[in-house]
Amino acid sequence: MRLYAETAGLRARQLLGDLATLAWTAAWVWAGLTLYRLVEKLAVPGARVEQAGSNFSGNVAEIQETIGRVPVVGDQLQGPFGRLAGTGQTLAEAGATQQQVVHQLALWLGVVVAAVPVVALLLAWLPRRVAWAREAGAAGRLRLDGADLELFAIRAVANRPLRQLHRVTPDPAGALRAGEYEALADLELRALGLRAGPRRP
């Protein structure tokens with residue numbers, strides 16, 4: 001499989017196209033990462049709520065333990081403080097859940113923003129690039145094997161626009177009938193980005 005054309009013009013266009021594709025991909029990946037970081041900042045309040053709930057629960061638990069040492073009424077007072085500590089723990093869990101939701105949202109938003117434009121470009125660009133590479137690779141092997149130039153001449157008459165055919169020969173069909181394949185074959189090879197094939201003896 002051939003990656004780039006042999007002719008300078010097509011090779012330059014292919015290089016520019018590949019570089020543009022890389023730049024497009026890098027730009028959208030950067031945009032996705034930027035969006036991810038921005039949305040992740042929404043998790044800061046959740047982190048503060050979690051920390052506040054944990055601190056509150058810990059402080060109330062200390063108070064509960066201290067009150068438990070009070071004679072006579074200590075055991076009775078521990079119950080309300082235990083429920084109050086549970087409220088703080090619930091608040092901490094809510095903060096943790098909010099952070100998790102924000103993290104998932106940031107991740108998926110970043111992935112979608114980066115992936116959709118990149119995939120759309122690859123679906124339009126990659127099949128044509130691979131098709132050219134396979135076609136040019138096969139044509140290059142035929143050319144190197146000294147395949148009959150008639151094949152490339154027939155392909156030129158079938159595939160190339162009439163104005164291109166008339167630039168290389170005023171009568172393409174007559175050239176085929178006369179066995180004058182070189183100019184037409186060269187036209188087809190150049191269209192594939194390959195240099196002229198071997199000449200007949």
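Throughout what follows, the structure given in this document is the object of discussion. (Residues numbered from 1 in each chain as written. Predicted model: local features only at pLDDT ≥ 70, side-chain atom pairs only at ≥ 80, totals over all residues. Heavy atoms only, no water.)

Considering the nonpolar core
In step 1: A139, L149, F152, L165, L184 and L194 are the most contacted members of the largest nonpolar core, which totals 14 residues.
In step 2: Apart from residues no more than four positions distant in its own chain, L165 is found in contact with A156, V157, R160, P172, L184 and L187. (Core = buried A, V, L, I, M, F, W, Y, C linked by side-chain atoms within 4.5 Å. Buried < 20%, exposed > 50% of the residue type's maximum accessible area, 1.4 Å probe, protein only. Contact = heavy atoms within 4.5 Å.)

Considerations on the packing of aromatic side chains
In step 1: All told, the structure shown has one aromatic pair when counted by the stated rule.
In step 2: Above the face of the Y4 ring, R129 is positioned so that its terminal group lies 4.9 Å from the ring centre. (Phe/Tyr/Trp six-rings, centres within 6.5 Å; stacked < 30°, edge-to-face > 60°. Lys NZ or Arg CZ within 6 Å of the ring centre and 35° of its normal.)

What to know about the environment of A191
In step 1: Along the polypeptide, A191 turns up in helix α7 (residues 182–191).
In step 2: Judged by relative accessible area, A191 falls into the partly exposed class, the value being 34%.
In step 3: Residues within four places of A191 in sequence aside, it is in contact with L10 and R160. (Helix = DSSP H or I, 4+ residues; strand = E, 2+ residues; numbered from the N terminus.)

Describing helix α1 (residues 8–40)
An α-helical turn contains 3.6 residues, so a residue and the one three or four places further along point in the same direction.
In step 1: For α1, built from 33 residues, the straight-helix expectation of 48 Å at 1.5 Å per residue is met to within 8% by its first-to-last C-alpha distance of 48 Å.
In step 2: When we look at burial in α1, the residues that qualify are L10, Q14, D18, T21, G32 and V39. (Expected span 1.5 Å × (residues − 1).)

Comments concerning the side chain of E6
In step 1: Considering the arrangement of structural elements, one finds E6 in the segment before α1.
In step 2: Not counting the four nearest positions on each side in its chain, E6 is found in contact with R11, R143, G193, L194 and R195.

Overview of a nonpolar patch on the surface
In step 1: Side chains of M1, L122, L126 and V130 sit close together on the surface and give an oily, nonpolar patch of about 350 Å² of accessible area.
In step 2: One can find L122 in helix α3 (residues 74–144). (Patch = residues over 30% accessible without salt bridge, like charges linked within 9 Å, V, L, I, M, F, W, Y side chains within 5 Å. Areas by Shrake-Rupley, 256 points an atom, 1.4 Å probe, with all protein chains shown as cover. Salt bridge = Lys/Arg side-chain N within 4 Å of Asp/Glu carboxyl O.)

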